[in-house]
Amino acid sequence: MESSVLAFATDLIDEGADTFFGNLTDRAGVGGVTLASVYHQARDVFPHNPRRVVRYLEPGAAYFRPDPARWAGRRLVPTPATAIGERDPFAEAAEEAQRRGLRLHAWTVFCHNDRLGFSHPDTAPANAFGDRHLTELCPANPEVREYATTLVAEFARYGVEAIRAESLHFHGLRHGYHHERYFEELGPVAEALLGICFCPHCQAAAASAGVPAAEVRRAVQDELRGRLADERRAAEPAALDELADGALAAYLDAAARSVTSLAAEVAEAADRHGMRLSFMDAAGPGKGWLSGIDLPALAGAAHQIETLGYARTPEAVREKVAAFALHGVRPESMAVILRPMAEDCDGPANLAAKIDVLRELGVPEVEFYNYGLMRLSSMDRIGRALHG
């Protein structure tokens, strides 16, 4: 079974290559590192970082040095994080990984990018009222699709083996922005409807499939206005597949096709450069339909489906993987991310049992989240779980 640890480039910069890679090989005993290449805004606590305990990550920042010629004339361009200065952590990681016989993966957040969304609002998803969700990029937008495939091509020069594609899909209303506020109870139906994109590109994609996109938008507007105005109605359930005489369901199917075709284009770009694409479905089967996640279709479009095996027990991890199998994703086509920290894991035996479940099911790859966010004792726990 292949193994790696997800990490930030700032971990490498703050600790230095010898300490960083030494912990990966000597303590965790993994065969690779999955380094964040483009990442979203966050505030994290780093238990073993020698330079800082709390760090704010910049919105939509790149942790490699983009090739200016590749991005000439584009609006959507990756911006290097100020934290890396004039360095190129990916080049440094690539050199060290090759020297130590480790695989290098590029952990890439694609469509959750508030830097680009705020800079270019017309590339962000639009709700039924035309309000742009500026923390995201729309997968149906041609510029976004070009940005995604170009981003993948950048990593070929670093000897990257796999692209870990996070957020290569739509997002809901509550995906995450600091100080999000909802003082009235919206209810699950209104929240769901407010997360659907009605930008011109999404409407055109639906219309080309024979869906009356304008009628669907009006029906969603009417439903939302009623629920926003009436507290009692906000709590009422609704059959979304019946909204607009069933046309909303067809509209969402068109959105899913946009996501699947984007994943296929990104996977093809990766394949051309000798890399593979892991599509991350963090929520799991049955939970991503409003995000455009069609698992059976994506299993054919991407090289691999990756998910979060965050759970207290090995049995719960087994159930998560089994749920994917019911949606057309075979265990041998998956990668699973585990957390060795106390929230999920009470010791190396617990973590080893989860890894044994993955091996038994035929899952070929396990990753561990996250290098800088865990104690060094959790790195030791990985090593004992993997190697006894």
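To be clear, the structure that these remarks concern was listed above.
Below: a short report on this structure.

Reading guide: rules and limits
- Note that residues are indexed from 1 along each chain, following the sequence as it is written.
- Per-residue local features are limited, in this predicted model, to residues with pLDDT of at least 70; the limit for side-chain atom pairs, both in listing and counting, is 80 or more; totals at the level of whole chains, interfaces and linings are taken over all residues.
- Side-chain numbers come from the whole structure's heavy atoms, not from hydrogens or water.
- Numbering of helices and strands runs from the N terminus, with a helix taken as a DSSP run of H or I at least four residues long and a strand as a DSSP run of E at least two residues long.
- Throughout, exposure labels follow a simple rule: accessible area from a 1.4 Å probe, protein chains only, divided by the maximum for the residue type, with under 20% read as buried, over 50% as exposed, and the rest as partly exposed.
- Residue contacts follow a heavy-atom distance rule, with two residues in contact if any of their heavy atoms lie within 4.5 Å.
- Residue burial considers only the protein chains on display, and all accessible areas are found by Shrake-Rupley using a 1.4 Å probe.
- Note on charges: Lys and Arg go in the positive column, Asp and Glu in the negative column, and His and the chain ends are not counted at all.
- For this purpose, a charge sits on NZ of Lys, CZ of Arg, CG of Asp or CD of Glu.
- Two strands are counted as paired when DSSP detects at least two bridges linking them.
- Classification remark: right-handed applies to a crossover when, strands pointing away from the viewer, the course from the first strand over the helix to the second runs clockwise.
- Two rings from Phe, Tyr or Trp (for Trp, the six-membered ring) form a pair when their centres sit within 6.5 Å of each other. Planes less than 30 degrees apart are called stacked, planes more than 60 degrees apart edge-to-face, and all others tilted.
- Whether a charge sits over a ring depends on NZ of Lys or CZ of Arg being within 6 Å of the ring centre and within 35 degrees of the ring normal.
- In what follows, salt bridge is the name for a side-chain nitrogen of Lys or Arg lying within 4 Å of a carboxyl oxygen of Asp or Glu.

### Concerning the overall build of the protein
A count of helical and extended segments in the protein gives 14 helices and 12 strands. Overall, the C-alpha framework of the protein stretches about 60 × 50 × 40 Å when taken along its three principal axes. Burial status across the protein gives 56% buried among its 388 residues. Within the protein, contacts between residues separated by at least 24 positions form 76% of all contacts whose residues are at least 6 apart in sequence. When the accessible area of the protein is evaluated, it comes to approximately 16100 Å², of which 50% is carbon and sulfur surface. Averaging the locations of the 40 positively and 54 negatively charged side chains of the protein gives two centres separated by 3 Å.

### Here's the deal with the pairing of strand β10 (residues 304-308)
Counting buried positions along β10 gives 4 out of 5 residues, so the element sits mostly inside the fold. Note that strand β9 (residues 276-280) and β10 share 3 bridges and pair parallel. Across the sheet, Met-280 pairs through a bridge with Glu-306, a residue of β10. Taken together, β9, helix α11 (residues 295-301) and β10 form a β-α-β motif whose crossover is right-handed. Direction of pairing for β10 relative to strand β11 (residues 334-338): parallel, over a ladder of 4 bridges. Counterpart to Leu-308 in the pairing with β11 is Ile-337.

### Some remarks on the packing of aromatic side chains
For the coordinates displayed, the defined rule picks out 14 aromatic pairs. With a centroid separation of 5.0 Å and an interplanar angle of 75°, the aromatic rings of Tyr-39 and Trp-107 are classed as edge-to-face. One end of the pair, Tyr-39, is in strand β2 (residues 32-39); the other, Trp-107, is in strand β7 (residues 103-109), and 68 residues separate them in sequence. An identical accessibility class is assigned to Tyr-39 and Trp-107; each is buried. With a centroid separation of 6.4 Å and 80° between ring planes, the pair formed by Phe-64 and Tyr-158 is classed as edge-to-face. Here Phe-64, found in the loop between β5 (61-62) and β6 (79-80), pairs with Tyr-158, found in the loop between α5 (142-154) and β8 (162-166); they are 94 residues apart in sequence, far enough to count as distant. Assigned by exposure class, Phe-64 and Tyr-158 land together as buried. An aromatic cluster is built from Phe-8, Tyr-39, Phe-46, Trp-107, Tyr-310 and Tyr-369, whose rings are joined through pairwise contacts. The ring of Tyr-182 has Arg-174 lying over it, and the distance from NZ or CZ to the ring centre is 3.9 Å.

### A short note on the pattern of salt bridges
Enumeration over the complete set of coordinates arrives at 32 salt bridges. For Arg-103, the salt bridge is made with Glu-2, and the minimal N-O distance between the two is 3.4 Å. On the criterion of sequence distance, the pair formed by Arg-103 in strand β7 and Glu-2 in strand β1 (residues 2-7) is long-range, its members being 101 residues apart. Classification of Arg-103 by relative accessible area gives partly exposed; the value is 26%. Judged by relative accessible area, Glu-2 falls into the partly exposed class, the value being 28%. Between Arg-74 and Glu-146 there is a salt bridge, and its shortest N-O distance comes to 3.8 Å. With Arg-74 in the loop between β5 and β6 and Glu-146 in helix α5, this pair connects stretches of sequence that are 72 residues apart. When its relative accessible area of 26% is taken as the criterion, Arg-74 is described as partly exposed.

### Observations concerning the environment of Ala-206
Relative to the helices and strands, Ala-206 resides in helix α7 (residues 200-208). A C-alpha to C-alpha distance of 5.2 Å links Ala-206 and Ala-254, two positions 48 residues apart in sequence. Non-local contacts of Ala-206, meaning those with residues more than four positions away in its chain, are made with Val-211, Ala-213, Tyr-251 and Ala-254.

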